Amino acid sequence: MKNYLLKYSFFIFLATIYGQLSHYSVPKSIDNDLIDIISIFKTDELNIDQLYAEDMTDNKNGRPYRFGYSFPVDIDFFEFSTCDTLYNGDKVYRLQIESNDAYSINMIFNQFFLSEGSELFIYNKNYSDVIGAFTSKNNKSYNRFSTTPVSGDVVIIEYYEPKLSKSNSIINISNIINGYKDVFRGYEDSEECNNNVNCPEFQSWNDEISSVVLTLTDGGTRLCSGTMINNVNQDLALYFLTSETCLGGHEDWIFMFNYESPSCNNQDGITDQTVSGATLLSHDYESDFALLRLEESPPEEYDIYFSGWDIRQDNPFNCISIHHPVGDIKKISYHEGLAISDGWFFDDDTHWRIDEWISGITEPGSYGAPLFNDNKHIVGQLHGGESSCEFPVDDYYGKLSHSWELGLKEWLDPNNTGVTTL
């Protein structure tokens, strides 16, 4: 049982088969005899060879792992879509999006407002992957919205509007992301020496494991890791710690909880426990940290945990890191002995260096992952490094103690209590 569970006063339905924070409902196209021919929008073709060449350069330069290519578009959904009027006067609008050779498609909406009672779904051709219904509960103050990837190279956006709707929805698509890498397969991409989090020897870390989250960043095209972090007020503020390297388009980030194998063996994990959008609160390049606040409240079913921290200068001992290498199911790495005080560009004591992992490593996609000391307190977040299965050495974590006066303290200890461990 987790020590800290989210307890919110509102009630929200969550479908177990429909991903992302949503209201349980069914696309109206399933229950009604609608026309088969609908409007289609096709993206341009991808130059896969060029993309993979760019990815090799990104890897050398320590950029977050890229799985998708973003096509900038300007699609007013209601202008492009096909509209059907049901027998009772309700309306259903549909638009088919095609992007050749995509393993998945996700989208960014730069204008997004759903009227009360309306519903939005996105699904593939055979309804094997459905997200929604999104409703007015998904509206944000900055009128943007982003979606998790839906499998396949053809997806359909379906909007339902009841006859008595009193306001007009606004749905404008600014980006269509072709997932040219099949990243959410569960366990086929990261290196073999990684450890699944639900192995017996790691069960004492179950709470901290629940605090670690996979994020879709940079306009829904890249992957990073990070962690939900507690604050002195312990008020369930939705603070999320990650790497500054991961920043870009944070208003459209997707946060994926509990993507892990249910056992020690490699098994696919659930990908439907997500929320979208965040506000950037603080960041700095010296210790490569970024603190964000989620814009959607995860429902209690996600069972999330807020990890504690230690900002003392003491070298952490027997460290653990929990992360999503190349967007894979959640992994755990462990080290014996003291972490070494070091730096990223210079030996300036801004980072903790793990000289060698005893088991596990990190990879692109792990950036932003927390480093825990033996007391299960966060002491840093992954900036990058050189580890591999052959040479599991030299990973660098920005020190939480260095980040403290660079902007973390304002949020994690707003009343200046002077607490150094939590």
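Check the entry above for the structure.
Rules of the game
- Residues numbered from 1 in each chain as written.
- Predicted model: local features only at pLDDT ≥ 70, side-chain atom pairs only at ≥ 80, totals over all residues.
- Heavy atoms only, no water.
- Patch = residues over 30% accessible without salt bridge, like charges linked within 9 Å, V, L, I, M, F, W, Y side chains within 5 Å.
- Areas by Shrake-Rupley, 256 points an atom, 1.4 Å probe, with all protein chains shown as cover.
- Salt bridge = Lys/Arg side-chain N within 4 Å of Asp/Glu carboxyl O.
- Buried < 20%, exposed > 50% of the residue type's maximum accessible area, 1.4 Å probe, protein only.
- Helix = DSSP H or I, 4+ residues; strand = E, 2+ residues; numbered from the N terminus.
- Disulfide = S-S within 2.5 Å.

Caption draft 1: Spatial organisation of a nonpolar patch on the surface. Residues Trp-344, Phe-345 and Phe-346 make up a contiguous nonpolar surface patch of about 390 Å² in total accessible area. Its relative accessible area of 64% is what places Phe-345 among the exposed residues.

Caption draft 2: A look at the pattern of salt bridges. Counting across every chain of the model gives 17 salt bridges. For Glu-54, the salt bridge goes to Arg-66, with nearest N and O atoms at 3.0 Å. A residue pair is termed long-range when its members are at least 10 positions apart, and Glu-54 in helix 2 (residues 48-60) and Arg-66 in strand 3 (residues 65-66) qualify at 12 residues. By relative accessible area, Glu-54 is classed as partly exposed at 30%. Put simply, Glu-54, Asp-55, Arg-66 and Lys-181 are held in one network by salt bridges that share partners.

Caption draft 3: Main features of the state of the cysteines. One pass over the full model with this rule turns up three disulfides. With a sulfur-sulfur separation of 2.0 Å, Cys-193 is cross-linked through a disulfide to Cys-389. One quick way to see it: the torsion about the S-S bond of Cys-193 and Cys-389 is about -90 degrees, and its sign makes the bridge left-handed. With Cys-193 in the loop between strand 13 (170-179) and strand 14 (195-196) and Cys-389 in the loop between strand 27 (378-385) and strand 28 (393-399), this pair connects stretches of sequence that are 196 residues apart. The exposure class of Cys-193 is partly exposed, given its relative accessible area of 26%. Residue class for Cys-389 comes out partly exposed when judged on its relative accessible area of 30%. The disulfide partner of Cys-224 is Cys-246, and the gap between their sulfur atoms is 2.1 Å. The S-S bond linking Cys-224 to Cys-246 shows a torsion near -95 degrees; that makes this disulfide left-handed. Placement of Cys-224 in strand 16 (residues 222-228) and of Cys-246 in the loop between strand 17 (239-243) and strand 18 (254-257) is noted, with a sequence separation of 22 residues between them. No difference in accessibility class separates Cys-224 from Cys-246, as the two residues are buried.

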